[in-house]
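# Remarks on the overall topology
Now for the letters of each chain:
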Amino acid sequence: MDEPIPVTRDVDGGTAKLLPDIDRERAWLLTVDGAPQSYVDLGDPEHLEFEYARRVGHVLDAAAPPGRPLDVLHLGGGALTLPRYTAATRPGSRQLVVEADRGIVALVAEHLPLPAGSGVTVRADDARAALEEAPDASADVIVGDVFGGSRVPAHLTSVEYARSVARVLRPGGLYAANLADGAPFGFLRSQVATFAAVLPRLCLIAEASVLRGRRFGNAVLVASTADLPLDPLARRAAADAFPARVVHGDALDRFTAGAAPVGDADAVGSPEPPGGAFGVG
């Protein structure tokens, strides 16, 4: 069998590359302008290589009893890692993926196609616009994983955006967002405050080294109107190869102290990562 070869293509957000993983036969890394976007293993869609993806996977695992189908809205698609994971772990799920970069949508459809009957629909659109058009109480889980380059866009960080998330979630549904920041955590703290103004049950999942400000990194924000599945999330996060903490309650209040919610008029994107934080050579 021929060895897989890298694929390079100009997309809306820059230069995308699909790079084969020499250690896993059907696995690929998607980068845009050198920044990692997705890692998928077509032969094993339950394999989540990136730590943040594993943490969002924990949220999906804890959202309902094992195997129960979910209705999931994915804001941001990339190579469809988490939709593939959900389709494999919860057959019969209905999933809508919204990806703004039409070039990435076409690249992934051509080279990393979804299996037949996956239950996944991919739509090329702006995440906020698609969210605002979604029916009330139509999603069990909403996943926010939108990066313009290496930054979360500002229009996905406001109270107005959070209200749209709350409207589309079913009662007790979960929102899980992949965010990135470093000390002194101005962006991450403001995001907790912003979502706390709309969805009163929150936690952060991140490595201790990130939360202590030792390095820039990812944190997953989980929010709901109902009590969160904190114990299952904590067990899963602690068992990862790079263990993470689940911060909630008083500890989260101390982390967020002094931060204020932000509206559309004042919203800013996540900070630019320091050189080399997420880059791929």
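For clarity, every value in this text was computed on a predicted model and none was experimentally measured.

## Structural notes on helix H9 (residues 249-256)
Among all positions of H9, only Leu252, Phe255 and Thr256 are buried. Taken around the axis of H9, the buried residues stretch over an arc of 90°, which confines them to a single face. When the buried face of H9 is taken as reference, the exposed residues oriented beyond 90 degrees from it are Asp250, Asp253 and Arg254. The first or second residue beyond H9 is Gly258, which carries a positive phi of 90°.

## Description of the sheet that holds strand E7 (residues 120-124)
In spatial order, the strands read E7-E6-E5-E8-E9-E11-E10-E12; together these eight strands make up an open sheet with mixed pairing. With one partner strand each, in any of the chains shown, E7 and strand E12 (245-247) form the two edges of the open sheet. Taken over all neighbouring pairs, the strand axes of this sheet differ in orientation by 15° on average, direction set aside. Looking at chain direction, strand E10 (residues 201-206) and E12 are connected through three bridges and run antiparallel. Within E12, the position partnered with Ile205 by the bridge is Val246.

## Focus: the layout of surface pockets
Space inside the largest pocket adds up to approximately 1000 Å³. Looking at the largest pocket, it is lined by 47 residues, and the ones nearest its centre are Pro36, Gln37, Tyr52, Phe147 and Asn178. Here the lining of the largest pocket takes five residues from strand E4 (residues 35-41), the largest share from any one element. Here the residues of the lining of the largest pocket are counted per class, giving 22 nonpolar, 15 polar and ten charged.

## Re helix H6 (residues 186-196)
Of all eleven residues in H6, nine are buried, a share of seventy percent or more. Listed in full, the buried residues belonging to H6 are Phe187, Leu188, Arg189, Ser190, Gln191, Val192, Ala193, Thr194 and Phe195. Residues of H6 that are buried in the fold lie against helix H5 (159-168), strand E9 (169-181), E10, strand E11 (217-224) and H9.

## Observations concerning the sheet that holds strand E1 (residues 7-11)
With antiparallel pairing, the four strands of this open sheet are ordered in space as E1-E2-E3-E4. Where the open sheet ends on each side, the last strands, each with one partner, are E1 and E4. On average, each strand axis in the sheet is tilted by 20° relative to the strand beside it, whichever way the strands run. Note: strand E2 (residues 14-20) against strand E3 (residues 27-32), five bridges, orientation antiparallel. Bridged to Ala16 within E3 is Val32. Of the strands in this sheet, E1, E2 and E3 are in contact with helix H3 (residues 102-111), which crosses E1 at around 155°.

## Structural notes on the pairing of strand E6 (residues 94-99)
Of the strand pairs in this sheet, strand E5 (residues 71-75) and E6 are connected by five bridges, and their pairing is parallel. Paired with Asp71 across the two strands is Arg94, which belongs to E6. The parallel pair E5 and E6 is bridged by helix H2 (residues 81-89), and the resulting crossover is right-handed. Where E6 meets E7, five bridges bridge the pair, whose relative direction is parallel. When the sheet's bridge partners are listed, Leu96 is paired in E7 with Thr121.

## Some details on the nonpolar core
Here is a general trend for soluble globular proteins: nonpolar side chains tend to be buried in one another's company. Judged by nonpolar contacts, the single largest core of 38 residues is most densely connected at Leu75, Ile142, Val165 and Phe195. Top contributing element to this core by residue count: H5, with five residues. Apart from the residues lying within four places of it in its own chain, the contact partners of Ile142 are Leu73, Leu75, Leu131, Val165, Val168, Leu169, Leu174, Tyr175 and Ala176. Counting 29 residues, the second-largest nonpolar core is a separate cluster that includes Leu48, Ala53, Tyr85 and Cys203.

## Some remarks on empty space enclosed by the protein
For the structure shown, the criterion picks out one cavity of 30 Å³ or more. In this structure, the largest cavity occupies an estimated 90 Å³ of space. Along the walls of the largest cavity sit 13 residues, with Val152, Leu156, Tyr161, Tyr175 and Ala177 positioned nearest its centre. In terms of residue count, the dominant contributor to the lining of the largest cavity is E9 (four residues).

What counts as what
Residues numbered from 1 in each chain as written. Predicted model: local features only at pLDDT ≥ 70, side-chain atom pairs only at ≥ 80, totals over all residues. Heavy atoms only, no water. Buried < 20%, exposed > 50% of the residue type's maximum accessible area, 1.4 Å probe, protein only. Helix = DSSP H or I, 4+ residues; strand = E, 2+ residues; numbered from the N terminus. Arc of directions from axis to C-beta. Pairing = 2+ DSSP bridges. Axes fitted to C-alpha atoms, helices over the stretch in contact; angles between N-to-C directions. 1 Å grid on protein atoms, 1.4 Å probe; cavity = no way out; pocket = protein on both sides within 12 Å on 5 of 7 lines; lining within 4 Å. Points joined across faces, edges and corners; volume = space filled by probe spheres on them. Nonpolar A, V, L, I, M, F, W, Y, C, P; charged D, E, K, R; others polar. Contact = heavy atoms within 4.5 Å. Right-handed = clockwise from strand over helix to strand, strands pointing away. Core = buried A, V, L, I, M, F, W, Y, C linked by side-chain atoms within 4.5 Å.

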